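Structural description and commentary
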Amino acid sequence: MDSGSPKFIQVADFLATEILNGKIKNGQQMPSINELSTQNSISRDTAEKAYKILRDQKLIVSVMGSGNFVSYAGPKAKFDVFFLINKPCTYKMEAYNAFVDTVGSKGHVNMYIYYCDEQLFINALKKNIHNYNYFVIMPHFRNSRKTHINYTNRVLKAIETIPKDKLLILDNSYSEISGNFTAVYQDFKEDIIYALTKAFAKLKKYKKIILVFSTQTLFPIPVGLLHGFKEFCQKHSLDFEIIEEVTNNLEFKTKEAYIVIDDNDLVHLVQQIKEKKLRIGTDVGVISYNETPLKALLDICVLSSDFKAMGQKAAELILSNKKEFFKNPFGYIERSSL
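What comes next concerns the included structure. Note that the structure is a prediction, hence the values are computed from the model and not measured.

As for the pattern of salt bridges
With the rule as written, the count across this model stands at 13 salt bridges. The salt bridge partner of Asp 263 is Lys 295, with a shortest N-O separation of 2.8 Å. Placement of Asp 263 in helix H10 (residues 263–275) and of Lys 295 in helix H11 (residues 293–297) is noted, with a sequence separation of 32 residues between them. Judged by its relative accessible area of 31%, Asp 263 falls in the partly exposed class.

In structure tokens, the structure reads:
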């Protein structure tokens with residue numbers, strides 16, 4: 001048992017495993033509250049809490065005047081997955097849809113959104129901690145300065161309440177969490193360096209590379225992207241600039257390339273390029289971050305993680321019950337905008 005968890009959760013998890021593995025049979029009567037208390041050296045209140053978890057998980061039923069009985073007939077067709085994402089957007093939904101499609105009829109997946117808000121995350125997890133077989137979590141938060149942070153201390157404490165064999169960290173850093181769990185992650189700094197290196201043959205033709213990196217968005221941008229961009233430009237002696245946003249009446253100079261993280265900035269940039277009768281890819285270079293169908297339609301170069309692969313891999317690891325840390329594929333998609 002995991003000594004870091006409350007005693008009633010340890011007892012409930014142990015009994016649940018015994019039931020799911022068939023060591024305690026369907027219809028078999030469970031020990032009484034007094035017997036369970038004595039067997040595990042716990043109080044009656046703790047024993048009652050453990051049985052409540054098993055009832056909530058529909059593994060046992062309480063029969064008035066008779067006791068508690070196993071109500072699990074064997075492996076079910078479905079398991080339940082708690083899928084917690086930080087924001088609703090095209091690429092996060094691509095990962096979710098790929099996860100659901102790969103799980104198929106073997107499981108039931110419920111998605112929750114916490115909008116990078118610490119308290120919403122904690123509340124959602126606390127409310128559902130005993131209701132799911134697996135917890136798939138995308139950790140992205142904003143601190144008091146409204147900038148990106150992987151985790152807060154309160155979030156880490158909340159995550160530690162999840163049994164590690166039920167935990168899968170998706171899309172971001174996992175190193176802050178202890179124990180034997182699963183992760184399908186991005187390394188934002190190293191990923192952007194790798195992708196920009198793939199684009200270097202075209203980027204080096206521009207006089208300046210401009211990164212549009214806002215620090216005050218509703219959904220903050222991982223700072224690893226900024227650090228990776230700077231390191232790449234300095235390594236290759238490229239002239240570069242970092243701006244907060246695409247402002248109105250932006251002045252375009254000859255042979256500049258823009259790397260745009262936020263999709264709203266991308267829209268403003270494309271609009272202004274067209275209004276000034278400039279040609280994307282010839283007069284002004286444009287690279288966006290995170291692939292979407294619209295960017296493919298507009299023929300915009302993209303630096304992106306493979307979100308479909310991310311969702312598929314996460315589901316495959318759960319289905320195979322494997323524990324590993326898997327770095328998700330990331331790359332550069334070359335199109336006519338550069």
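Following the structure, the description resumes.
Some words on the nonpolar core
In terms of nonpolar packing, the biggest core is built from 27 residues, with Leu 196, Leu 203, Ile 209, Leu 225, Ile 259, Leu 303 and Leu 338 touching the most fellow members. At the level of elements, helix H7 (188–198), strand S10 (208–212), helix H9 (223–235), strand S12 (256–260), strand S13 (284–289), strand S14 (301–305) and strand S16 (330–333) are the ones that each hand at least two residues to this core. It is H9 that provides the largest number of residues to this core, a total of five residues. Ile 209 has contacts with Leu 203, Phe 229, Leu 238, Asp 239, Phe 240, Glu 241, Ala 257 and Ile 259, leaving out every residue within four places of it along the chain. Judged by nonpolar contacts, the second largest core, of 24 residues, contains Ala 124, Phe 135, Ile 162 and Ala 183.

Side note on the sheet that holds strand S15 (residues 325–327)
Strand pairs in the sheet, formed through backbone hydrogen bonds, run parallel or antiparallel to each other. What the six strands build is an open sheet, ordered S4-S3-S5-S8-S9-S15; its pairing is parallel. On the outer flanks of this sheet lie strand S4 (107–113) and S15, each paired with one strand and no other. If you compare each strand with its neighbour and ignore which way they point, the axes differ by 15° on average. Summarising the sheet, strand S9 (residues 182–185) and S15 pair through three bridges and their orientation is parallel. Residue pairing for S15: Ala 183 is matched across the bridge by Phe 325. Across the sheet, helix H5 (residues 118–128) touches strand S3 (79–85), S4 and strand S5 (134–137), and the angle it forms with S3 is around 170°. Across the sheet, helix H12 (residues 307–320) lies against S3, S5, strand S8 (167–170), S9 and S15, angled at about 170° from S9, the strand it touches most.

A closer look at the environment of Asn 264
Within the secondary structure, Asn 264 sits in helix H10. Placed 19 residues apart in sequence, Asn 264 and Glu 245 show a C-alpha to C-alpha distance of 9.5 Å.

Quick notes on the side chain of Gln 272
By the element assignment, Gln 272 lies in helix H10. Assessed through its relative accessible area of 6%, Gln 272 is described here as buried. Engagement of the side chain of Gln 272 in a polar contact is seen with the backbone oxygen of Thr 247, the distance being 2.5 Å. Apart from the residues lying within four places of it in its own chain, the contact partners of Gln 272 are Val 246, Thr 247, Asn 248, Asn 249, Leu 250 and Phe 252.

Some details on helix H1 (residues 7–20)
Helix length check: H1, at 14 residues, gives a terminal C-alpha distance of 20 Å against a target of 20 Å (1.5 Å per residue), a fit within 8%. For H1, the complete set of buried residues consists of Ile 9, Gln 10, Val 11, Ala 12, Leu 15, Ala 16, Glu 18 and Ile 19. Two residues or fewer after H1 comes Gly 22, characterised by a positive phi angle close to 85°.

Considering the packing of helix H4 (residues 90–103) against H12
At their nearest, the axes of H4 and H12 sit 7 Å apart, and the two run at 35° to each other. Relative to H12, H4 is oriented so that their crossing is right-handed. Taken together, the residues of H12 that come into contact with H4 (itself represented by Tyr 91, Lys 92, Glu 94, Ala 95, Ala 98, Phe 99, Thr 102 and Val 103) are Phe 307, Lys 308, Met 310, Gly 311, Gln 312, Ala 314, Ala 315, Glu 316, Ile 318 and Leu 319. Residues belonging to the contact of H4 with H12 are distributed by class as follows: eleven nonpolar, three polar and four charged.

So, the layout of surface pockets
Size it by volume and the second largest pocket reaches roughly 410 Å³. Along the wall of the second largest pocket there are 24 residues; nearest its centre are Lys 87, Tyr 91, Phe 219, Ile 261 and Asn 290. Counting residues per element, the ones that place at least two in the lining of the second largest pocket are H4 and H10. Taken together, the residues of the lining of the second largest pocket break down into 13 nonpolar, six polar and five charged.

Some words on the sheet that holds strand S11 (residues 240–243)
Strand order in this open sheet of six strands is S11-S10-S12-S13-S14-S16, and the pairing throughout is mixed. A single partner strand is all that each edge strand has here, and the edge strands are S11 and S16. Shown here is a sheet whose adjacent strand axes are inclined to one another by a mean of 20°, direction ignored. For S10 and S11, the ladder comprises four bridges, and the chain directions are parallel. Following the sheet pairing, Leu 211 is matched in S11 by Ile 242. Contacting S12, S13, S14 and S16, H7 crosses the sheet at an angle of about 30° to S16. Here H9 sits on the sheet and contacts S10, S11, S12 and S13; the angle it forms with S11, its principal contact strand, is near 160°.

Calculation notes
Residues numbered from 1 in each chain as written. Predicted model: local features only at pLDDT ≥ 70, side-chain atom pairs only at ≥ 80, totals over all residues. Heavy atoms only, no water. Salt bridge = Lys/Arg side-chain N within 4 Å of Asp/Glu carboxyl O. Helix = DSSP H or I, 4+ residues; strand = E, 2+ residues; numbered from the N terminus. Buried < 20%, exposed > 50% of the residue type's maximum accessible area, 1.4 Å probe, protein only. Core = buried A, V, L, I, M, F, W, Y, C linked by side-chain atoms within 4.5 Å. Contact = heavy atoms within 4.5 Å. Pairing = 2+ DSSP bridges. Axes fitted to C-alpha atoms, helices over the stretch in contact; angles between N-to-C directions. Polar contact = N/O pair within 3.5 Å; in protein donor to acceptor, adjacent residues only side chain to side chain. Expected span 1.5 Å × (residues − 1). Left-handed = near helix turned anticlockwise from the far one by under 90°. Nonpolar A, V, L, I, M, F, W, Y, C, P; charged D, E, K, R; others polar. 1 Å grid on protein atoms, 1.4 Å probe; cavity = no way out; pocket = protein on both sides within 12 Å on 5 of 7 lines; lining within 4 Å. Points joined across faces, edges and corners; volume = space filled by probe spheres on them.

By themselves, these are just geometric observations and shouldn't be taken as functional.
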